[in-house]
Amino acid sequence: MGASMMAVIRCLLALLALWVVPAHAQVAPPTHIAPELAVEQAAVPGAEVTLALAFRPEAGWHGYWSNPGDAGYGMRLDWTLPDGWSVGDPLYPVPQRLLIGGLMNHVYEGPYAVLLPLRVPAGASGIVPIQVQAEWLACTDQICVPESATLTLRLAVTGSGLPLPVRDTRFDQWRAALPPLIDQPARFELTEEALRIAIPLPASAPLGAPHLFLQTEQVVDYGGEQRFFRAGDLLVAELPRASLRTQPQTIAGVLTTGEGMQGLRFAGIPGPVPSGGDPVGDAAAPNAPFWALIGGALLGGLILNLMPCVFPILSLKALTLARAGESAGGARREALAYSAGVLLACLALGGLLLALRAGGSQIGWAFQLQQPAVVVALLVLSLAITANLAGLYELPALSFTRAGGRSSAFATGLLAAFVATPCTGPFMAAAMGAALLLPWWQGLVLFAILGLGLALPFLALGFVPALRRMLPRPGAWMQRLQRVLAVPMGLTALGLLWLAWRLGGTGFALLALALAVLVVGLLVLWRRSEWAKLAGAAALCVAVAAVLPFAHAEPAASDDAGLLAPEPFSEAALAQARASGKPVFVWFTADWCLTCKVNEGAAIEREATRAAFEQAGAVALRGDWTRSDPAITRFLTAHGAAGVPLYLWYAPGAEAQVLPQVLSPGILPELARRR
């Protein structure tokens, strides 16, 4: 009797279990985003079982990721569980970006499921009630509605002698949508301008247009421009901070590697983040086709012959071209030798620039003039050429009034290219900016085409007899012209001396001048064959050169604010200025860039510009690239500029307008009056 009664009770319990232990919970009352609480399978004591909160938005509606972005709020959960049971952190699928009214939102516009690990105590048995009070925000592009639901399920535990539910196969699809966790920690640095993150990612991993969703809130500007760089087996991301100043000890987020590609979840701790690397994503894809970049490099090199920064070597070219009329064969040989010197210098500088950037250095076009040692070398060279032109001596490789031959033309070509590189002329900016972003071989092609443009006038004179016939015949006038042209070359040396002072201070500049004078003295003694004096002068040169590095000191910032009284550039200062609702003018300059200085005198530091800026309330920011500045280099690269000058105008609420590299006197007052 007792056994029969127990069999009946078990049968009733089994029938009851089939009714109270569904594979997933009932669906909540109608909402714009329908929720469902589901369990993958029966629970095992002492283990974990996976729950899912599955959501199905109506057409035109969307839900939010854990970090909603600039607007909205994430899901909130309040669990009711038996003693000893607990729920872990929710795991979200990769979100989507939705930009509305300038606000970046992290959303889900289709069905999605959030998975949660449910920890089961070792003594669990029977049927366990699980309940959660869920709140979320449902939005369209125009309205938002807070929604909520109380979701329940009754979970069967294995070993209780009850029928178990069939495993829910939907979890396979839901789990596949989760971004896997990278097994190594990311490293991050916080500056005033940006959050920089180094995420472990094999160099062989494919990358399209990456984007980083930061789960940690109040750290970055979600709608700001994200920059990505490959540095070996690391992907370095730079996210602007705007005015946010939260200092988290850890960060977490999701990296998407491109449209339709799998996302990756990462966790980060403070640590060093490498600089430099190869840009990837949008920054690595120049807008112009390659043939247009080649044309820009050719035109830029051609126009570079007329730029103020090239004037110091125009004297050398003028004398060399004057000799080209001696014979047709000699003219062609000298034209080819000169062109070879120009091309070699451009390829060498370009190759070195690309190699250093690949190694992590944040440098740009004309980087060599940010190095005090290079400036000293140019000072010595320019003073030696000045003395040569003035008639103190005549070196075969630098002979302009008699047959110096191909070696002289080659040396002149090297010098022309080396001195021409500090400036970025018209048509040249886009090509040189692209050269830093394209594959290395395409970058070298653009540097070679730039050199071809620079050498083209002399090359044409060498191979077109009609052009050579337009040159005056050689004669005594060349000696007199040589002495006259010693003056602009001497002014170049004076400018380099001033630059040495700006880079290294007074003591450094004086020692650099002493070294240059000693080298000139050495050359004079060598041409006169005064060997005893030459040995003493050489020893003195070595002593000064050895002491020179120890004399270098960072000079104090200049007190000359100029008429516009600009603030020093930083990305935080730019974001703050733009947020004020005023027009903003940003210019990037360097003491060694003559084009920059001409523009400042002719168009920027003018009373008319100051008055127009005051009337419009315009904010001026100046980025000084005289010395190497990685933050400015990154900003220049992001805007497709390989060097200076770069001029940007931000009208209130508008994106940057790139201004011409040669400014007219009225362009800035006109822009300010449009406010």
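Right above here is the structure, for reference.
Let us look at the structure shown here. (Residues numbered from 1 in each chain as written. Predicted model: local features only at pLDDT ≥ 70, side-chain atom pairs only at ≥ 80, totals over all residues. Heavy atoms only, no water.)

## Re the packing of helix H12 (residues 506-528) against helix H13 (residues 531-551)
Then, number 1: Axis separation between H12 and H13 bottoms out at 9 Å; the angle between their running directions is 160 degrees. Relative to H13, the element H12 is oriented roughly antiparallel. Considering the relative orientation of H12 and H13, their crossing is left-handed. Residues Gly507, Phe508, Leu511, Ala512, Leu515, Leu518, Val519, Leu522, Leu525 and Trp526 of H12 form the contact with H13, whose participating residues are Trp531, Lys533, Leu534, Ala537, Ala538, Leu540, Cys541, Val544, Ala545, Val547, Leu548 and Ala551.
Then, number 2: Counted by class, the contact of H12 with H13 contains 20 nonpolar, 1 polar and 1 charged residues. (Axes fitted to C-alpha atoms, helices over the stretch in contact; angles between N-to-C directions. Helix = DSSP H or I, 4+ residues; strand = E, 2+ residues; numbered from the N terminus. Parallel < 35°, antiparallel > 145°, perpendicular 65-115°, else oblique. Left-handed = near helix turned anticlockwise from the far one by under 90°. Contact = heavy atoms within 4.5 Å. Nonpolar A, V, L, I, M, F, W, Y, C, P; charged D, E, K, R; others polar.)

## Things to note about the state of the cysteines
Among covalent bonds in proteins, the disulfide is the one between the sulfur atoms of two cysteines.
Then, number 1: With the rule as written, the count across this model stands at 1 disulfide.
Then, number 2: With its sulfur 2.0 Å from that of its partner, Cys139 forms a disulfide with Cys144. The chirality of the disulfide connecting Cys139 with Cys144 is right-handed, given an S-S dihedral of about 115 degrees. (Disulfide = S-S within 2.5 Å.)

## Remarks on the packing of aromatic side chains
Then, number 1: Under the definition given, this model contains 14 aromatic pairs.
Then, number 2: With a centroid separation of 5.2 Å and 25 degrees between ring planes, the pair formed by Phe55 and Tyr112 is classed as stacked. Taken together, the residues Phe55 in strand S2 (residues 48-57) and Tyr112 in strand S8 (residues 112-119) connect sequence positions 57 residues apart.
Then, number 3: The class of Phe55 is buried, set by a relative accessible area of 3%.
Then, number 4: Exposure remark for Tyr112: the relative accessible area of 9% places this residue in the buried category.
Then, number 5: Joined through ring pairs, the aromatic side chains of Phe585, Trp587, Phe613, Tyr647 and Trp649 make up one cluster.
Then, number 6: The cationic tip of Arg76 hangs over the ring face of Tyr73; the distance from NZ or CZ to the ring centre is 4.2 Å. (Phe/Tyr/Trp six-rings, centres within 6.5 Å; stacked < 30°, edge-to-face > 60°. Buried < 20%, exposed > 50% of the residue type's maximum accessible area, 1.4 Å probe, protein only. Lys NZ or Arg CZ within 6 Å of the ring centre and 35° of its normal.)

## Concerning the sheet that holds strand S10 (residues 144-156)
Then, number 1: Spatially, 3 strands are ordered S4-S9-S10 in an open sheet, and the strand pairing comes out antiparallel. For this open sheet the edge positions go to strand S4 (76-80) and S10, each flanked by a neighbour on one side alone. Pairwise comparison of adjacent strand axes, ignoring direction, gives a mean angle of 15 degrees for this sheet.
Then, number 2: Here strand S9 (residues 127-139) runs beside S10; their pairing, made up of 13 bridges, is antiparallel. Across the sheet, residue Glu135 finds its bridge partner in S10, namely Ser148. (Pairing = 2+ DSSP bridges.)

## Observations concerning the packing of helix H11 (residues 477-504) against H12
Then, number 1: At a minimum axis separation of 7 Å, H11 and H12 run at an interaxial angle of 145 degrees. Helix-helix and strand crossings are classified by hand; for H11 and H12 the assignment is right-handed. Each of Leu497, Ala500, Trp501 and Gly504 in H11 lies in contact with H12, whose residues at this interface are Thr506, Phe508, Ala509 and Leu513.

## A few points about unusual backbone geometry
Then, number 1: With phi around 60 degrees, Gln218 is a residue other than glycine that occupies positive phi space.
Then, number 2: Its place among the elements puts Gln218 in the loop between strand S13 (211-214) and strand S14 (227-231).
Then, number 3: By relative accessible area, which is 45% here, Gln218 ends up partly exposed.
Then, number 4: Phi at Ala565 takes a positive value of approximately 45 degrees, unusual for a residue other than glycine.
Then, number 5: Counting through the fold element by element, Ala565 comes out in the loop between H13 and strand S19 (567-568).

## Structural notes on the pattern of salt bridges
Then, number 1: Under the criterion given, the structure shown has 17 salt bridges.
Then, number 2: For Asp591, the salt bridge is made with Lys597, and the minimal N-O distance between the two is 3.2 Å.
Then, number 3: Residue Asp591 is classed as buried on the basis of its relative accessible area, which comes to 10%.
Then, number 4: Owing to a relative accessible area of 30%, Lys597 belongs among the partly exposed residues under this scheme.
Then, number 5: Note that Arg673 is salt-bridged to Glu670, the shortest N-O span being 3.7 Å. Residue Arg673 and its partner Glu670 are located together in helix H18 (residues 667-673), separated by 3 residues, close to a single helical turn.
Then, number 6: Linked by salt bridges that have partners in common, Arg502, Asp591, Lys597, Glu600 and Asp624 make up one network. (Salt bridge = Lys/Arg side-chain N within 4 Å of Asp/Glu carboxyl O.)

## What about the sheet that holds strand S17 (residues 263-270)?
Then, number 1: If you trace the 8 strands from one edge of the open sheet to the other, you get S13-S16-S17-S11-S12-S15-S14-S18, paired in mixed fashion. The sheet is open, and its two borders are formed by S13 and strand S18 (278-280), each paired with just one other strand. The sheet shows a mean angle of 30 degrees between the axes of neighbouring strands, taken without regard to direction.
Then, number 2: Bridging between strand S11 (residues 186-190) and strand S12 (residues 194-200) involves 4 bridges; their strand directions are antiparallel. By the bridge assignment for S12, Leu190 is matched with Leu195.
Then, number 3: Helix H17 (residues 630-638) rests against S12, S14, strand S15 (234-240) and S18 of the sheet, and its axis sits at about 110 degrees to S14.

Keep in mind these numbers describe shape, not what the thing actually does.
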